[in-house]
Amino acid sequence: MLLSQLSAAASPLSQEQLQKLQGLVAELNPIQQAWVSGYLAANANTAALGGVLGQAAAPAQDAAPLTILYGSQTGNAKGVAAQLEAQAKSRGLDAKLVNMADYKPGNLKKEKFIAVAVSTYGEGEPPEDAENLHEFLVGKKAPKLDGVKIAVLGLGDSSYEFFCQTAIDFEERLQKLGAESVVARADLDVDYEEQAEAWISSALDAFEPELKAQQAAGGATNVVNAPFGAPQPAHSQYTKQNPFTAEISSAVKITGRDSTKDVRHIEIDLDGSDISYQPGDALGVYFLNDEARVDEILSSLNIDPQSEVKLGDDTFSVRDALIEKLELTQSYPGFVEKYATATGNEELAKLVTDKAALREYLEARQIFDVIKQNPSEIAAQTLVECCRKQQARLYSIASSQAEVEEEVHLTVGLVEFEAFGEQHFGGCSGFLAHRVEEGTKVKVFSEHNDNFRLPSDDNTPVIMVGPGTGIAPFRAFLQERDAREAEGSNWLFFGNPHFTQDFLYQVEIQGYVKSGLLNRVDLAFSRDQAEKIYVQDRLREKGEEVFAWLEKGAHFYVCGDATRMAKDVHQALLDIVKTYGGKDDEQAEQYLKELRSANRYQKDVY
């Protein structure tokens, strides 16, 4: 029942009090109403206990909470961990949520119940905020964890070889120290939401008896904490599950005619949404698959394009489902396995049994190719059940709302390659580069990245290393620093093949140099001379000054390719610290670890 529907007779409030309350509620948005509701509930709880808020009886000394540790690169693992915490508290369980980057490894010896939610990226590597704990667990200082109960959930992408490797590592290392898993580890693919919910329920079912028993023994009372202080900023109603339908306002190629790269500057109009973002965040973009290629595979399978299929509770024509809803470019082992079974294809079935051969097969193929090269009689519904849902592609945002307001800008490199006699394009990059124009509708949402943030102190100097499309977040950084009139010095390292063809945002960068916002720019155009020169080479050339900036408190940022560039930059940074800091290998590694722990060395790599 709404407050406005309450009569004075049904309320314990006086008519005057009721009118005041109704007037206040009418002025509040839903987030503020929820805050007030929690505040009143907490006060009522406290009054019933006859105590002061926050002075409820503490659990017995040996009562331990469920500690939920998360390591997240893009925010998905954090989201699952927060969901686990919320459901634990809804059951009356004592739970605390901790980012692995903020967790003191020495506290492990005090834990009794641990849940881990962690993602994997690159070649089986942990996300940055999980690196220290991941390493600690194999070191000599890791404590015995006999009697500790654990549950581990991993998020990953099965199109990569080391699927959920970080979660596997965490469970194995915790078990080796004596911990016991109370529920089977979940290794979840990109379409993870339903399975995550099921795992959360199972994990809490397993933890609940002991947690409640110790809380009862300790006389602990579950008290709602009032959210004192200013209400948290409202989150957008538009999310991964509920994206905003925006319009493309501009899509322009920003590499030269003779460039070996095709990079597009994309501007998207967010007017009418409540989407907000900060420099360092990403934009999730849903795209449409190439209609011509969809028609081609439907023809090869002899499927009527208008055949109806079901995806969850929704019904579509099979053609619309393949264009709008399903993954047809990024290949992954699960599709081949399902398609082989559905079609009775013995050759594909044999390939599925050899993981190395399957990886090699998929490396050169998109899902389109697998279907086209293995046509068969298959029902429309069976085909869509072989596919997984399309996942939004995340792009580092290349703008600051302080400058562009109700817009968001992206820097998109077109993925393209020749295979089997025809040109192939990346799913989203092909869509944005070749199949959109001004006014095209696109579904988007913002993805916050707290692991890639400008320093809160505007006087802090920053060093930005962003070759190729890695320049994107640093364009946002510079716009933001300019709008805030930040006094801190800014140093950019940028690289690409050719000066004349590939100097992305050249005019803007030169303008920032002229205005004094950019204090230093070092460029590495690798193919403009006989010897290839990359950003890591420029870093080494300026090593003494780079180290001096770090010693003065500079924050160091890297964005771009994770496989080679980021590793080469890391090695260059180690060499700089050793050479100009007088440190050995171990001390240099420790120096960079301390920078990471202080959020002064941050990476946005892919």
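Residues numbered from 1 in each chain as written. Predicted model: local features only at pLDDT ≥ 70, side-chain atom pairs only at ≥ 80, totals over all residues. Heavy atoms only, no water.

(A) The sheet that holds strand 16 (residues 441-447), seen in detail. Strand order in the open sheet formed by six strands is 12-9-16-7-8-13, with antiparallel pairing between adjacent strands. Whereas interior strands pair on both sides, the edge strands pair on one side only; in this sheet they are strand 12 (393-396) and strand 13 (407-413). Going from strand to strand, the sheet's axes swing by 40 degrees on average, the running direction of each strand aside. With five bridges joining them, strand 9 (residues 282-286) and strand 16 adopt antiparallel strand pairing. Bridge assignment links Gly284 to a residue of strand 16, and that residue is Phe445. With respect to the sheet, helix 15 (residues 427-434) is in contact with strand 7 (244-253), strand 8 (263-269), strand 9, strand 12, strand 13 and strand 16, its orientation differing from that of strand 12 by roughly 65 degrees. (Pairing = 2+ DSSP bridges. Helix = DSSP H or I, 4+ residues; strand = E, 2+ residues; numbered from the N terminus. Axes fitted to C-alpha atoms, helices over the stretch in contact; angles between N-to-C directions. Contact = heavy atoms within 4.5 Å.)

(B) Seen up close, a positive patch on the surface. A cluster of basic side chains, namely Lys96, Lys104, Lys109 and Lys110, defines a positive patch on the protein surface. Mapping Lys104 onto the fold places it in the loop between strand 2 (95-99) and strand 3 (113-119). In this structure Lys104 comes out as exposed when scored by relative accessible area, which is 59%. (Patch = residues over 30% accessible without salt bridge, like charges linked within 9 Å, V, L, I, M, F, W, Y side chains within 5 Å. Areas by Shrake-Rupley, 256 points an atom, 1.4 Å probe, with all protein chains shown as cover. Salt bridge = Lys/Arg side-chain N within 4 Å of Asp/Glu carboxyl O. Lys, Arg positive; Asp, Glu negative; His and termini not counted. Charge placed at Lys NZ, Arg CZ, Asp CG, Glu CD. Buried < 20%, exposed > 50% of the residue type's maximum accessible area, 1.4 Å probe, protein only.)

(C) A look at the packing of helix 21 (residues 565-581) against helix 22 (residues 585-597). Axis separation between helix 21 and helix 22 bottoms out at 9 Å; the angle between their running directions is 115 degrees. One element, helix 21, and the other, helix 22, form an angle in the roughly perpendicular class. Where helix 21 crosses over helix 22, the two elements pack in a sense that is right-handed. Across the interface between the two elements, His570, Leu573, Leu574, Val577 and Lys578 of helix 21 pack against Asp585, Ala588, Glu589, Tyr591, Leu592 and Arg596 of helix 22. Its residues assigned to classes, the contact of helix 21 with helix 22 comprises six nonpolar, one polar and four charged. (Parallel < 35°, antiparallel > 145°, perpendicular 65-115°, else oblique. Left-handed = near helix turned anticlockwise from the far one by under 90°. Nonpolar A, V, L, I, M, F, W, Y, C, P; charged D, E, K, R; others polar.)

(D) How the structure looks around the sheet that holds strand 20 (residues 555-560). As summarised here, the arrangement of the five strands in space is 19-18-17-20-21, forming an open sheet in which the pairing is parallel. At either margin of the open sheet sits one strand with a lone partner, and together these are strand 19 (520-525) and strand 21 (601-605). The mean angle between the axes of side-by-side strands here comes to 10 degrees, regardless of whether they run parallel or antiparallel. Its contacts with the sheet put helix 20 (residues 543-551) on strand 17 (462-465), strand 18 (490-496), strand 19 and strand 20, and the angle it makes with strand 18 is roughly 140 degrees.

(E) Region of interest: empty space enclosed by the protein. Counted according to the given criterion, the structure contains one cavity of 30 Å³ or more. Volume-wise, the largest cavity comes out at about 50 Å³. Around the largest cavity, the lining residues are Ile471, Phe474, Arg475, Leu478, Tyr505, Glu508, Ile509 and Tyr512. The residue makeup of the lining of the largest cavity, split by class, is six nonpolar, no polar and two charged. (1 Å grid on protein atoms, 1.4 Å probe; cavity = no way out; pocket = protein on both sides within 12 Å on 5 of 7 lines; lining within 4 Å. Points joined across faces, edges and corners; volume = space filled by probe spheres on them.)

(F) Seen up close, the packing of aromatic side chains. Under the criterion given, the structure shown has 19 aromatic pairs. Note on Phe335 and Tyr339: the rings are 5.3 Å apart at their centroids and 20 degrees apart in plane angle, and the pair reads as stacked. Note that Phe335 and Tyr339 are positioned in helix 9 (residues 333-343) at a spacing of four residues, about one turn of the helix. Here Phe335 and Tyr339 have matching classes, each one buried. Aromatic pair Phe474 and Phe477: ring centres 5.6 Å apart, planes at 75 degrees, arrangement edge-to-face. Highlighted residues: Phe474 and Phe477, both in helix 16 (residues 472-483), separated by three residues, approximately one helical turn. Within the aromatic cluster, the residues linked to one another by ring pairs are Phe452, Phe474, Phe477 and Tyr557. Positioned above the aromatic ring of Tyr332, the side-chain terminus of Arg388 is 3.9 Å from the ring centre. Sitting above the plane of the Trp491 ring, Arg520 keeps its charged end 4.3 Å from the centroid. (Phe/Tyr/Trp six-rings, centres within 6.5 Å; stacked < 30°, edge-to-face > 60°. Lys NZ or Arg CZ within 6 Å of the ring centre and 35° of its normal.)

(G) Summary view of the nonpolar core. Membership of the largest hydrophobic core comes to 33 residues, with the highest contact counts inside it found for Ile303, Val318, Leu322, Phe335, Tyr339, Ile371 and Leu383. Those elements that provide at least two residues to this core are helix 7 (291-300), helix 8 (318-324), helix 9, helix 10 (346-352), helix 11 (355-363), helix 12 (367-373) and helix 13 (380-386). Apart from the residues lying within four places of it in its own chain, the contact partners of Leu322 are Asn289, Val294, Ile297, Leu298, Leu328 and Leu383. (Core = buried A, V, L, I, M, F, W, Y, C linked by side-chain atoms within 4.5 Å.)

(H) Spotlight on the pattern of salt bridges. Taken as a whole and assessed by the stated rule, the structure comprises 35 salt bridges. Taking the shortest distance from any N to any O, the salt bridge between Asp262 and Arg264 comes out at 2.7 Å. One exposure class covers both Asp262 and Arg264, and it is buried. One salt bridge in this structure joins Glu422 and Lys372, with 3.4 Å as the shortest N-O distance. Of this pair, Glu422 sits in strand 15 (residues 422-425) while Lys372 sits in helix 12, placing them 50 residues apart in sequence. Accessibility expressed as a relative area gives 32% for Lys372, which makes it partly exposed. Beyond isolated ion pairs, a larger network of salt bridges with shared partners links Arg293, Glu296, Asp369, Lys372 and Glu422.

(I) Local environment of the pairing of strand 13. The element strand 13 is extensively covered by neighbouring structure, given that five of its seven residues are classed as buried. By the bridge criterion, seven bridges tie strand 8 to strand 13 in an arrangement that is antiparallel. The residue bridging Ile266 from the neighbouring strand is Leu410, located in strand 13.

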